[in-house]
Amino acid sequence: MDNKVNSDCNGCPQYNAKGLKKLGVNTENFDFVVALAGNPNTGKSTVFNALTGLRQHTGNWPGKTVTRAEGAFEYNDQKYKLVDLPGTYSLLSTSEDEEVARNFILFGKPDVTVIIVDASRLERNLNLVIQVLEITDKAVLCLNLMDEAKRNHIKIDERALARDLGIPVVPTSARFNEGIPELIKTITEVANGKIICKPHRIKNVPKNIQKAVNKLSAEIEKEFPTIPNSRWIAFRLLEGDTQIINALQAGELN
Amino acid sequence: MKKNSVENIIALSNDLRWKIGDDFHDHLAEGIYADASEIVKNTVQTDDKKQQFRLDSKIDNIVTSKIWGFPIMFLILGLILWITIIGANYPSSMLANLFLDNIHPILKGFAANIGMPWWLDGFLIDGVYLAVAWVIAVMLPPMAIFFPLFTLLEDFGYLPRVAFNLDYLFKKSGAHGKQALTMSMGFGCNAAGVVATRIIDSPRERLIAIITNNFSLCNGRWPTQILIASIFIGAVVPSSLSGFASVSAVIGIAILGIFFMFFSSWALSKTILKGEVSTFNLELPPYRPPRFWKTVYTSIIDRTLIVLWRAIIFAAPAGAAIWLISNITIGGESIAALVINSLDGFGFLLGLNGVILLAYIVAIPANEIVIPTILMLTVLVTGISGGEGAGVMFELDSANETANILKAGGWTLLTAINVMLFSLLHNPCSTTIYTIYKETKSLKWTIIASILPLIMGFVVTFLVAQIWRLIF
Amino acid sequence: MSSYSPTYALLIFLLVSILMFLLFRPRRGWYWIIKNNITVNEKTVTEDVLKYLYHNEISGNEVNIISLTAVLKFSDNLIIDIVKKMTIKELIKFDGYVLSLTESGRNYALRIVRVHRLWEKYLAEKTGYDKVEWHGRAELMEHRLSHKETDLLANQLGNPLYDPHGDPIPTNQGKIAKLKGVALSSLAVNSVGRITHIEDEPDVIYKQILAENIHIGSQLRVVENNPKRIIFYAEGEDFILAPIVAANITVDVFEKDVAEEENTSRLSSLKINEIANIAGISKEIRGDSRRRLLDLGFVKGTSIKIDLKSPLGNPKAYLIKGTSIALRNDQASKILINKL
């Protein structure tokens, strides 16, 4: 796990005008797709705007961005398309927002999923993080609103967090553009395979459920050897998620 | 072969579900949070002594307090409406002056110079251009004031507290506290109010908020109310009180709208919407200082211009239609006159007249052009002098002259009251209807949202007219 | 226009309104009655007879033609006619005057019960219909769903074992779990148990139970039991019921004393400045609402306290996992806590 968080980054290539170009809504011919997921009220849209140079409205409201917003940036001659998913608490329920977010991560297969969390409410936000990590291997945790966390005397051991979650962690204060260059660098490293993630998988599951999940995911893997998230699909099948059942029947999941 | 094994997997999952029982989701959620709290224990240190959010809770204790909660809320929302209505006056008349009194003659002159045929000139400049100009002049200034103010409150985080304060009242009528905000937004523009219902995540309550948003008197309708009230309501009381009387009448109409909103929310939740899923939760996010200029910029781009653009798209063909019906004649009578004649009987039953009904039909795209259309049509059918010719909408600077034209069209105090009521209770403008369709993706709900207020308008004006005629 | 008078206009309006009301008022409107009557056919009557026989078989009552015609709301001739046809099809048989189910009749009845309870489960989980409407809607739906549709429905719902009232749902093989427990009215003072079932018929009594805010899954201890009233303690509150009402609540009595849940109370009873741990969410919160609460962090063991009261006292905002979440009091009454 490589997780360098370099706070003194004036010499980094991302400050180099040639290295980084914010492309606004120009999303054609991209090399990588990056999804932004996160709880409502974590400053997700602010991060999106900071990355793309766009000015999408960000209300202080749970569940503001309902439609998917898209933007792009270019870094070292590679083009990244950014998709801002609706803010959700979870991917397990059935609301429209959650379906949009979940379907994009599952079927859209983004090259990197950036999960934005509110640093001062980490525990609540980890609910979504842990669920996303069940679906996808390539993720970056953006620990946003560090300024508020500091004001509230909350200290976070980013290294330990990165180790526990198995993905790189980048602290930011997107409102003040702090940490954005580091975030961009980390995204590009994950996209290019320079950082390999070993994402956390849910541990605290009762034994009978664990057994059922193992049995089912073994069957799924036998049928679809390339599937990256058989365990998560097993979870969904046990919940009776008709959309996943249909996708499985149509062969859309591998 | 493959198909079979997929079916086997699904059959296995069904079998396992039966074994692990109903609590699967609960256990999974508990498991995830248990993981989360383990991770947090390892990585997060909080200083309990200097605990958190002190300023937040101080603000919260005031804005949700028993004594101050409601007064502060009404003060802030009232202030925003007041600033909008007063503040929009000046730029609106400036824009009207520019578009209608300056650019319009120039365009006409230009058309005459290049020898444009009269019908093309009339169709484009008197029809399409005038309608679009009118909509921009009346709509842009109030929205450009209202939306940024509202958005500032939203970004600060105050609006969820309003929902929190008012939820109990909305719950009684089967709605969600957040509807207080979509309703307030509706006072600016119903289409924006409908978009704002996205903040309500419960399907039933969101549909209620969408369908009843039209009962908020929007910016496009305030000027109509104010004009009619000052001409007719102000005239029945001694002149020293006329200002007060007409203002109270307009506020009364707005409050009546809120009453109808509550009533129909309750009725909808008990009847056609009772099968929709209903949930409630409301997060009170921490306060965050809004960044003023950025908010102003984005709210103008995101809300004002998008809504304005939609309105223009709908207003242009409406202008064309208004010009055409006034200028195409069948058997010596214009289409407008024919339609007005056939609507007169029904109009009379409602205490209105054919002109008003036709104006509301052609003005579906934009409530802003109702008064200019009524004036033009009244001149057209009564044949009195005034106005600018068939199909050319106009407004007069003096309320007296407007009153004279309307009275020549047969208006009484009853007509005025019913026009005010009908302006509150009629179908949403086409921009709003289109927005409702986009938000609900359902023809059924769009039709209900469009028809319901219209039926209520018919019933209310009908009853008022009959009772009025019985008494007086 | 000459015949116009406001009085006539009002009269006509009044007449039309009354007519519309009579036609379309909820449930008893003529339109609905006619619509329902048209759908009454042989199948409906047959199935209602089977269901009635099945329920009486469970409770051990004898049924004859007279009691059948008295209970079912169809014309006597129709019922007698259909009973004849059913004996020919060997769904039911006569022992003298007493009617009983044959094996195939019992299987058929179980299928109807299955559809009914599955549909109630569906209404509870996936729609917003009020509890009091579930039964009536399921009564209509049980005659409409085919085998295939029923199995599909069961799959979508995760093959549930119990319906929202706590009644067991038969499987598509006709197996049915036994309902554990005895009537609350028969319990001795100080017995401890858990509510497993609340009967939804008759309507009047069901509504009384709902009004008391009594929940399936609650643990209770009987405090007083005499012919006048039954008092039990559950979730920090005392409930007083008439014996006839208590008879419609089924309780699974614990063999040993389980005292651990005794200090459990409802979140709605939490006061400002008190801190508590969440003990669970009542079974009465279902479907999307339940999932949303879990997502928001209302899981076992989480610490919770009141953050704010709204000016009208309802809703209240609770501080949970660092965030202030507002809940209405009726929701809070279905979340269980242990006060610290």
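Since we're looking at a predicted model, the values are computed, not measured.

Q: Would you take a moment to explain the overall build of chain A for this structure?
A: Summing up its helical and strand segments, chain A has 9 helices and 8 strands in all. With 254 residues in all, chain A has 65% of them scored as buried. Across chain A, the fraction of contacts at a sequence separation of at least 24, relative to all contacts at a separation of at least 6, is 70%.

Q: Help me understand the confidence of the model for chain A, please; the structure alone is not making it clear to me.
A: Should the pLDDT be low somewhere, the predicted coordinates at that spot are not to be read in detail. All names here are of chain A. For chain A, per-residue confidence averages 83 on the pLDDT scale, and 84% of positions sit at 70 or higher. Ranking the elements of chain A by mean pLDDT puts strand E1 (residues 20-24) last, at 71, and strand E8 (residues 169-171) first, at 96. Low pLDDT (under 50) marks residues 1-18, which in the prediction has 28 contacts with non-local residues, meaning those over four places away or in another chain.

Q: Would you mind showing me how to read the sheet that holds strand E11 (residues 303-309) of chain C here?
A: Across a sheet, paired strands are connected by hydrogen bonds in the backbone, their directions being either parallel or antiparallel. Pairing within the open sheet is antiparallel, and its 7 strands lie in the order E2(B)-E13(C)-E12(C)-E11(C)-E10(C)-E14(C)-E9(C). What marks the edges here is a single partner per strand, and that holds for strand E2 (282-284) of chain B together with strand E9 (264-266) of chain C. For this sheet the average axis-to-axis angle between neighbouring strands, irrespective of direction, equals 45°. Taken together, the 5 bridges between strand E10 (residues 275-281) of chain C and strand E14 (residues 335-339) of chain C define a ladder with antiparallel strand orientation. Note that in E14(C) the partner of Ile281(C) across the bridge is Ile335(C).

Q: So what exactly am I meant to see when it comes to the sheet that holds strand E8 (residues 249-253) of chain C here?
A: Taken in spatial order, the 6 strands of this open sheet run E3-E8-E4-E5-E6-E7 (chain C), and their pairing is antiparallel. The open sheet has two edge strands with one neighbour each: strand E3 (182-183) and strand E7 (237-241) of chain C.

Q: I tried to follow the interface of chain B and chain A on my own but got confused; where do I start?
A: Where interface size is given, it is often the accessible area lost as the parts come together that is meant. Opposite the 59 residues of chain B that make contact, chain A presents 62 residues. Note on chain B versus chain A: buried area summed over both sides is about 6000 Å², and carbon and sulfur give 60% of it. A salt bridge links Arg288(B) to Glu148(A), with the shortest nitrogen-to-oxygen separation between them at 2.7 Å. In this structure, the connection of chain B to chain A is made through 15 residue pairs in polar contact (both at pLDDT 80 or more). Broken down by secondary-structure element, the contributors of at least two residues to the side of chain B that touches chain A are helix H1 (2-20), helix H2 (24-43), strand E1 (44-46), helix H5 (118-156), helix H6 (159-172) and helix H12 (292-327) of chain B. No other element matches H2(B), which puts 16 residues into the side of chain B that touches chain A. Relative to E1(B), strand E7 (residues 154-156) of chain A runs antiparallel, the two sharing 3 bridges. Across the sheet, Lys155(A) pairs through a bridge with Gln45(B), a residue of E1(B).

Q: Would you mind showing me how to read helix H11 (residues 287-295) of chain C here?
A: Of all 9 residues that make up H11(C), 8 are buried, and the element is covered over most of its length. Following H11(C) by one or two positions, Gly297(C) has its phi on the positive side, about 105°.

Q: When you look at the side chain of Thr402(B) in this model, what are you seeing that I'm missing?
A: Along the chain, the position of Thr402(B) falls in helix H16 (residues 399-408). Excluding anything up to four places from it in sequence, Thr402(B) contacts Leu227(B), Ile231(B), Leu375(B) and Leu396(B).

Q: Please clarify how unusual backbone geometry should be interpreted in this entry.
A: Trans peptide bonds make up most of the peptide bonds, and negative phi angles are found at most residues other than glycine. Residue and element names in this part refer to chain C. Along the chain, Glu-201 connects to Pro-202 via a cis peptide bond; the corresponding omega equals -10°. Examined against the element boundaries, Pro-202 turns out to sit in the loop between strand E4 (192-198) and helix H9 (203-211). Of note, the bond from Asn-314 into Pro-315 is cis; its omega dihedral lies within 30 degrees of zero at 0°. Positive phi, close to 50°, is recorded for Glu-235, a residue that is not glycine. Here Glu-235 shows up in the loop between strand E6 (230-234) and E7. Note on Glu-235: relative accessible area 6%, which makes it buried.

Q: Explanation requested: the environment of Ile85(B) in the structure shown.
A: Residues and elements named next belong to chain B. The residue Ile-85 is located in helix H4 (residues 69-113) in this model. A relative accessible area of 25% means that Ile-85 is categorised as partly exposed. Once residues within four sequence positions are removed from consideration, Ile-85 is found in contact with Trp-222 and Ile-226.

Q: Which parts of the structure should I look at to understand the interface of chain C and chain A?
A: With 11 residues of chain C in contact, the opposing surface of chain A contributes 14 residues. For the pair chain C and chain A, the summed buried surface comes to about 1100 Å²; carbon and sulfur atoms form 39% of the total. It is Arg291(C), Asp295(C) and Lys321(C) that lose the most area in chain C upon contact with chain A, and together they represent 48% of the buried surface on that side. Run the count over chain C and chain A and you get 3 salt bridges. Lys321(C) is the salt-bridge partner of Glu123(A), the closest N and O atoms lying 2.9 Å from each other. The interface formed by chain C and chain A contains 10 residue pairs in polar contact (both at pLDDT 80 or more). Broken down by secondary-structure element, the contributors of at least two residues to the side of chain C that touches chain A are H11 and strand E13 (323-327) of chain C. Counting residues per element, the side of chain C that touches chain A draws most heavily on H11(C), which supplies 4 residues. Its residues assigned to classes, the side of chain C that touches chain A comprises 3 nonpolar, 3 polar and 5 charged.

Q: It is not clear to me how the side chain of Thr435(B) should be interpreted in this structure. Could you clarify?
A: Residues and elements named next belong to chain B. Positionally, Thr-435 belongs in helix H18 (residues 430-440). On the accessibility criterion, Thr-435 (1% relative accessible area) is buried. Ignoring sequence-local partners within four residues, the contact set of Thr-435 consists of Ala-191, Val-194, Val-195 and Arg-310.

Q: Help me understand a nonpolar patch on the surface in this model?
A: Residues and elements named next belong to chain C. Taken together, the side chains of Tyr-8, Leu-11, Ile-12, Leu-14, Val-16, Ile-18, Met-20, Phe-24, Tyr-31 and Trp-32 make up a nonpolar region of the molecular surface, amounting to roughly 990 Å² of accessible area. For the nonpolar patch, the elements supplying multiple residues, two or more each, are helix H1 (6-24) and helix H2 (30-39). Ranked by the residues each element gives to the nonpolar patch, the list is headed by H1, at 8 residues. Classification of Tyr-8 as exposed rests on a relative accessible area of 54%.

Q: Teacher, can you tell me more about a negative patch on the surface here?
A: A cluster of like negative charges, contributed by Asp101(B), Glu395(B), Asp397(B) and Glu401(B), occupies part of the molecular surface. Positionally, Asp101(B) belongs in helix H4.

Q: In this structure, what is going on with the domain arrangement of chain C? I would like to understand it.
A: Residue and element names in this part refer to chain C. Split by domain assignment, chain C resolves into domain 1 (182-253) and domain 2 (264-339). Averaged C-alpha coordinates put domain 1 and domain 2 at centres separated by 24 Å. Taken together, the contact between domain 1 and domain 2 spans 8 residues of the former and 9 residues of the latter. Taken together, both faces of the contact between domain 1 and domain 2 bury some 790 Å²; the carbon and sulfur share is 45%. Per-residue buried area on domain 1 facing domain 2 is highest for His-215, Ile-216 and Glu-235; these three make up 64% of the total on that side.

Q: For this particular structure, what's the right way to read the packing of helix H3 (residues 42-59) of chain C against helix H6 (residues 103-126) of chain C?
A: For any two helices packed against each other, one specifies the inter-axial angle together with the distance between the axes. All names here are of chain C. The geometry of H3 relative to H6 is characterised by a closest axis approach of 9 Å and an angle of 95° between their N-to-C directions. One finds that H3 runs roughly perpendicular with respect to H6. From H3, Lys-43, Glu-47, Leu-50, Lys-51, Tyr-54, His-55 and Glu-57 reach across to H6, where they touch Gly-105, Arg-106, Tyr-108, Ala-109, Leu-110, Ile-112, Val-113, His-116 and Arg-117. The residue inventory of the contact of H3 with H6, partitioned by class, reads 7 nonpolar, 3 polar and 6 charged.

Calculation criteria
Residues numbered from 1 in each chain as written. Chains lettered and ligands numbered in written order. Predicted model: local features only at pLDDT ≥ 70, side-chain atom pairs only at ≥ 80, totals over all residues. Heavy atoms only, no water. Helix = DSSP H or I, 4+ residues; strand = E, 2+ residues; numbered from the N terminus. Buried < 20%, exposed > 50% of the residue type's maximum accessible area, 1.4 Å probe, protein only. Contact = heavy atoms within 4.5 Å. pLDDT = per-residue confidence, 0-100. Pairing = 2+ DSSP bridges. Axes fitted to C-alpha atoms, helices over the stretch in contact; angles between N-to-C directions. Buried area = accessible area lost by both parts, 1.4 Å probe. Salt bridge = Lys/Arg side-chain N within 4 Å of Asp/Glu carboxyl O. Polar contact = N/O pair within 3.5 Å; in protein donor to acceptor, adjacent residues only side chain to side chain. Nonpolar A, V, L, I, M, F, W, Y, C, P; charged D, E, K, R; others polar. Patch = residues over 30% accessible without salt bridge, like charges linked within 9 Å, V, L, I, M, F, W, Y side chains within 5 Å. Areas by Shrake-Rupley, 256 points an atom, 1.4 Å probe, with all protein chains shown as cover. Lys, Arg positive; Asp, Glu negative; His and termini not counted. Charge placed at Lys NZ, Arg CZ, Asp CG, Glu CD. Domains from an automatic or database assignment. Parallel < 35°, antiparallel > 145°, perpendicular 65-115°, else oblique.

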